[in-house]
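Chain residues, written in single-letter form:
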Amino acid sequence: MKYIYNDSLSIERALNSIRDENGGGEALFIGRVRRHNGGRVIRHLFYECHVPMAESEIEKIVDEIKAKWPLRKIHIEHRVGKLEVGEIAVIVAVSAEHRKEAIEACRFGIDELKHRVPIWKKEVSESGEEWVGACDHESEASQ
Amino acid sequence: MAVRVELFAAFAEFAGTREVQIAFHPGMTCGDLWMEMQKKYPRLSPIPPLFAIGKEYVRKDFALKDGDQLLLFPPVSGG
């Protein structure tokens, strides 16, 4: 299963992937690059990734989600490389029979991805460049 | 007798290299190797490391073997 993309992510691809005739509830999380972070004006972000381990770690998260909730389908994709403000960095999409498990599983998916998957972002702002989580701004940047 | 260490993101940038060989000694753990890395590259010191071998995270007290290929990650920040 492919989870890491060098080119633009696709909301349509994610929604098509989770479509299911018993999927009465669909939950979709989209993470985009925002203009401001911690008072800094963002020019762009650069994402680096250890692809084989990232794919493997996301696969584990998918398996954990399937074990915890009775879902129909799940789809995760994460972008790497240079992303401009407004571009999509990550999509987590889940379908289930009902809304509760879809929303809970979607939340768990994005939270675990941010905690565990070996992906790093460098913020390039008007104030300079810095790796998020490896500097003094760690607590605010990881919000 | 060495462990090959692959560095990523902030670690690669601050060390100025993506790969480094660290001399292996029997009983060496990831934590011991991290101490060596901090001596060699003081700029890495404030950043809490994550260790992995292959596609699996390993703990700080994981016992390394001669010839291991260790992945050294700074805190992840995807999403």
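Rules behind the numbers
Residues numbered from 1 in each chain as written. Chains lettered and ligands numbered in written order. Predicted model: local features only at pLDDT ≥ 70, side-chain atom pairs only at ≥ 80, totals over all residues. Heavy atoms only, no water. pLDDT = per-residue confidence, 0-100. Contact = heavy atoms within 4.5 Å. Buried area = accessible area lost by both parts, 1.4 Å probe. Salt bridge = Lys/Arg side-chain N within 4 Å of Asp/Glu carboxyl O. Polar contact = N/O pair within 3.5 Å; in protein donor to acceptor, adjacent residues only side chain to side chain. Helix = DSSP H or I, 4+ residues; strand = E, 2+ residues; numbered from the N terminus. Nonpolar A, V, L, I, M, F, W, Y, C, P; charged D, E, K, R; others polar. Buried < 20%, exposed > 50% of the residue type's maximum accessible area, 1.4 Å probe, protein only. Core = buried A, V, L, I, M, F, W, Y, C linked by side-chain atoms within 4.5 Å.

(A) Up close: the confidence of the model for chain B. Per-residue pLDDT for chain B averages 97, and the proportion of residues at 70 or more is 100%. Predicted complex, confidence summary: ipTM 0.96, pTM 0.94.

(B) Summary view of the interface of chain A and chain B. Contacts between chain A and chain B engage 25 residues on the former and 20 residues on the latter. Together, Met-53, Trp-120 and Trp-131 of chain A form the three largest contributors to the area buried by chain A at its contact with chain B, with a combined 30%. Along the contact surface separating chain A from chain B lie three salt bridges. A salt bridge links Arg-18 of chain B to Glu-48 of chain A; its shortest N-O distance comes to 3.0 Å. The interface formed by chain A and chain B contains 15 residue pairs in polar contact (both at pLDDT 80 or more). With five residues, helix H2 (residues 51-68) of chain A is the largest single contributor of residues to the side of chain A that touches chain B. Taken together, the residues of the side of chain A that touches chain B sort by class into 13 nonpolar, five polar and seven charged.

(C) How the structure looks around the environment of Ala-134 of chain A. Mapping Ala-134 of chain A onto the fold places it in the loop between strand E9 (128-131) and helix H4 (138-141). Sequence-wise, Ala-134 of chain A and Ala-67 of chain A are 67 residues apart; in three dimensions their C-alpha atoms are separated by 33 Å. When sequence neighbours within four positions are dropped, the list of residues in contact with Ala-134 of chain A reads Ala-10, Phe-14 and Ile-47 of chain B.

(D) Spotlight on the side chain of Glu-48 of chain A. Position of Glu-48 of chain A among the secondary structure elements: in strand E4 (residues 40-49). Overall, Glu-48 of chain A belongs to the buried group, its relative accessible area being 10%. At 3.0 Å, the side chain of Glu-48 of chain A and the side chain of Arg-18 of chain B are in polar contact. Setting aside chain neighbours within four positions, we find Glu-48 of chain A in contact with Pro-118, Ile-119, Trp-120 and Trp-131 of chain A together with Phe-8, Ala-9 and Arg-18 of chain B.

(E) Highlighting the side chain of Asp-20 of chain A. Residue and element names in this part refer to chain A. Locating Asp-20 in the fold gives a position in the loop between helix H1 (11-18) and strand E2 (25-32). Overall, the relative accessible area of 18% leaves Asp-20 in the buried class. Setting aside its immediate chain neighbours within four residues, Asp-20 contacts Arg-72, Lys-73 and Ser-95.

(F) Local environment of the nonpolar core. In terms of nonpolar packing, the biggest core is built from 34 residues, with Leu-7, Leu-33, Met-37 and Leu-44 of chain B touching the most fellow members. Mapped by element, the contributors of at least two residues to this core are strand E1 (2-7), helix H1 (9-15), strand E2 (19-23), helix H2 (30-40), strand E3 (50-53) and strand E5 (69-73) of chain B. With six residues, H1 of chain B is the single largest residue contributor to this core. Leave out the neighbours within four places in its chain, and Leu-7 of chain B touches Ala-12, Ala-15, Thr-17, Arg-18, Glu-19, Val-20, Met-37, Leu-44 and Leu-72 of chain B. Counting 32 residues, the second largest nonpolar core, distinct from the first, contains Ile-65, Leu-83, Ile-110 and Ile-119 of chain A.

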